[in-house]
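# Coordinate analysis (summary)
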Amino acid sequence: MNLTTTQPLQVIQPDGGVNGYDPKLSEAELLHCYRAMLLVRAFDAICLKLQRSGRIGFSIPNEGIEATQVGAASALKKSDWIFPSYRDFGMALYHGVPALEMMHNMFGNAQDGAKGRQMPVHFSFVQPIHFVSISSPIGTHIPQAVGAAHAAKLRGEDTVFLASFGDGGTSSLGFHSGLNFAGVWKSPVVFLCQNNGWAISCPVEEQTASDGFAIKGEAYGIPGVVVDGNDLFAVRKVTLEAVVRARAGGGPTLIEAQTFRMGGHSTSDDPKRYVPPEQFEYWKKRDPLARFEKYLEAAGLLNAAKSEALRKEVEAEIAAAARAAEQVGPPGLETVFSDVYAEIPTHIRKQGEGLFDLGRRRGDAHAGDGKFPL
Amino acid sequence: MANLTLLQAINDGLRTAMKDDPSVLVFGEDVGKKGGVFLATENLQRDFGANRCFDTPLSEDGIVGCAIGMAMNGLRPVAEIQFQDFIFPAFDQIVSEAAKLRYRSGGQYTAPLVIRTPYGGGIRGGLYHSQSGEAYFCHTPGLKVVVPSTPHDAKGLLLAAIADPDPVLFLEPKALYRSVKGEVPEGNYKVPLSTLREARAGTQVTVFCYGAMVPVTLKAAEEAAASGIDTRVIDLRTLLPLDEEGVLEHAKSTGRVVVVHEAPRFCGFGAEISALIAEHAIEYMEAPVVRVTGFDTPFPNTLEHHYLPDHRRVLDALERVAHF
Ligand SMILES: Cc1ncc(C[n+]2csc(CCOP(=O)(O)OP(=O)(O)O)c2C)c(N)n1
Ligand SMILES: [Mg+2]
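## Considerations on the state of the cysteines
For the coordinates displayed, the defined rule picks out 0 disulfides over all chains. Free cysteine: Cys66(B), not disulfide-bonded; nearest cysteine sulfur from Cys202(A) at 15 Å.

## Quick look at the domain arrangement of chain B
Residues and elements named next belong to chain B. Under the domain assignment, chain B is made up of domain 1 (2-184) and domain 2 (197-322). For domain 1 and domain 2, the distance between their C-alpha centres works out to 26 Å. The interface is formed by 29 residues belonging to domain 1 together with 26 residues belonging to domain 2. Buried surface at the junction of domain 1 and domain 2, summed over both partners, amounts to about 2000 Å²; 58% is from carbon and sulfur atoms. When the buried area of domain 1 at its contact with domain 2 is split by residue, Arg-124, Glu-134 and Val-147 rank highest and sum to 24% of it. Among the salt bridges present, the one from Asp-153 reaches Arg-237, with a minimum N-O distance of 3.1 Å. Run the count over domain 1 and domain 2 and you get 15 residue pairs in polar contact (both at pLDDT 80 or more).

## Let's talk about the packing of helix H1 (residues 27-52) of chain A against helix H4 (residues 99-107) of chain A
Helix-helix packing is characterised by the crossing angle of the two axes and by the distance between the axes. Residue and element names in this part refer to chain A. Packing of H1 against H4 brings their axes to within 12 Å, and their N-to-C directions diverge by 25°. Taken together, the axes of H1 and H4 lie roughly parallel to each other. In the packing of H1 onto H4, the handedness of the crossing is right-handed. Two secondary-structure elements touch here, H1 through Phe-43, Ile-46, Cys-47 and Leu-50 and H4 through Ala-99, Met-102, Met-103, Met-106 and Phe-107. The residue inventory of the contact of H1 with H4, partitioned by class, reads 9 nonpolar, no polar and no charged.

About the criteria used
- Residues numbered from 1 in each chain as written.
- Chains lettered and ligands numbered in written order.
- Predicted model: local features only at pLDDT ≥ 70, side-chain atom pairs only at ≥ 80, totals over all residues.
- Heavy atoms only, no water.
- Disulfide = S-S within 2.5 Å.
- Domains from an automatic or database assignment.
- Contact = heavy atoms within 4.5 Å.
- Buried area = accessible area lost by both parts, 1.4 Å probe.
- Salt bridge = Lys/Arg side-chain N within 4 Å of Asp/Glu carboxyl O.
- Polar contact = N/O pair within 3.5 Å; in protein donor to acceptor, adjacent residues only side chain to side chain.
- Axes fitted to C-alpha atoms, helices over the stretch in contact; angles between N-to-C directions.
- Helix = DSSP H or I, 4+ residues; strand = E, 2+ residues; numbered from the N terminus.
- Parallel < 35°, antiparallel > 145°, perpendicular 65-115°, else oblique.
- Left-handed = near helix turned anticlockwise from the far one by under 90°.
- Nonpolar A, V, L, I, M, F, W, Y, C, P; charged D, E, K, R; others polar.

Right under this line is the structure:
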């Protein structure tokens, strides 16, 4: 059976109509999706401001990708696992990771789950869903998702594993070994390629000569499906189909979600240096949030007043999280030395003691009372 | 002479090599239109065309593997790896291939290529935009490893690396890209590889350091001078092949040595210097060789200023060694 597609699936029409498609979601669930998208946009905007005013060092713009993130996340159960990329705020927010926990990471403070060791946006959560610790090297997590899926399969569990990466990520070694292993093992994995047109300044034509990315699944014996990534229902539909197939033992799927990054690659990047202005204009008209709002309005679930109220509420929530996270101090000096191993080896302990000793002798406020606590 | 930042000096070096030698190509991720994420290759594509300076797919393995093939077949590739932290997919190509090609073919095939890559901390880059991985590569016979610390040397060493018949890993201290400025001669000049530079004259203690640790050490040396310690600072510039004779001469002449690097200590480059001195100059030494290094932990983010050796830590070592 050849399941591979080359034309992007669309569900939500520009006028908000869905041609009889039934999302099988309650009003509350639909509004939860909408709220998650609003949360991403607010989180994004506030992080940009925090970075511009020098209060955090770095952020990754997510504007324009919200439907892909939330649509895909909505197809997963809380017992499933996400191996995210760094541009997946919406997957965490949809599943109920508190904005405050994410803000602790953005500030790298003492309450950050990763103890301020990682750059901003390199989140790691085990609750309320496994949102696996993000690594900067591109593509390394793809075979890891396959291994985790294989573990679940061997134990007879029906957990599904979603690995998310960009168009650029398909050139990494991890992409190819990951898809190859998953094809051979029929692993319960959904590979989500977020084709946002660019890998920093490199357009997709510089990334591949193939006709898109979904077709790359073929060679590994994996169905590849193309979807309009700015269409929440379309992304949800194809991801759900892939998840259901994976859960039932039908093996992996490669999904290519076609979308666009409305901001820079990161706060250090100026996309105007390389993205043609027409692309911004084209995609601005296809804003995923506006498109879902049209649907909700057409379905009688949203009006201007309600949307405005929700937006304000969400912005207040994120702003409060940012204020709270900013109040928290830096992690303790001992966190430089802990968690390298399960048990701290002597040579690392000595280095820690040496740093505290230096602080004591030369007067360093960070060293606290000067005792190495580990 | 122009007064350039280290970053501008690298751009100037690339430009000079491309002008003088049509076989020099510059490529990597985002080096074309964007000019590199740090702008080291700014306007090279505009000025030399997309056949000479171009973007590649996102694959370090592909970048270095293709560079080796180009080098085998008459080109002088200068590949950029966006951050040294992302070089590891290419580790196989560097260690198994580029470094061994001459040896395994009895000199029939060679890989005269340069891999440029920014390394080191100081930009709040956390675990994966801060590492100093020189030790992995210094353990690789067949490879040359170069680390400039001034604009003058950055250009001159880069031009020497590009002209060199062997593969060179050119580690650029990103913390110094825009923070140091200096006089840079025009045109093609080369700073010979495997030569040391005396960054500061002194008679009592010698500090061996390289890259971003050079200014840190110079600052500590100034402070030490105030308390009567006269410190010589040697910028190693080329780690492999190391000018061992030069290192030993300096060690013998002061009898007191400190080594500074920001990479982790265990099996770091300081161990090599220390062992070299222990083997060949122990009778001249008046104090143990002391290493000031990054810790044997991954590179943290918020607390990176505690991880990185600073002038206080170097000063502390200078005082210990001087008063031993
Ligand atoms: C192995 C590796 N090489 C290079 C980089 C630097 N880098 C970070 S993001 C990026 C582009 C990624 O593009 P894509 O996969 O399309 O994801 P997007 O950022 O568009 O979401 C690059 C080159 C890296 N992180 N890892
Ligand atoms: Mg992309």
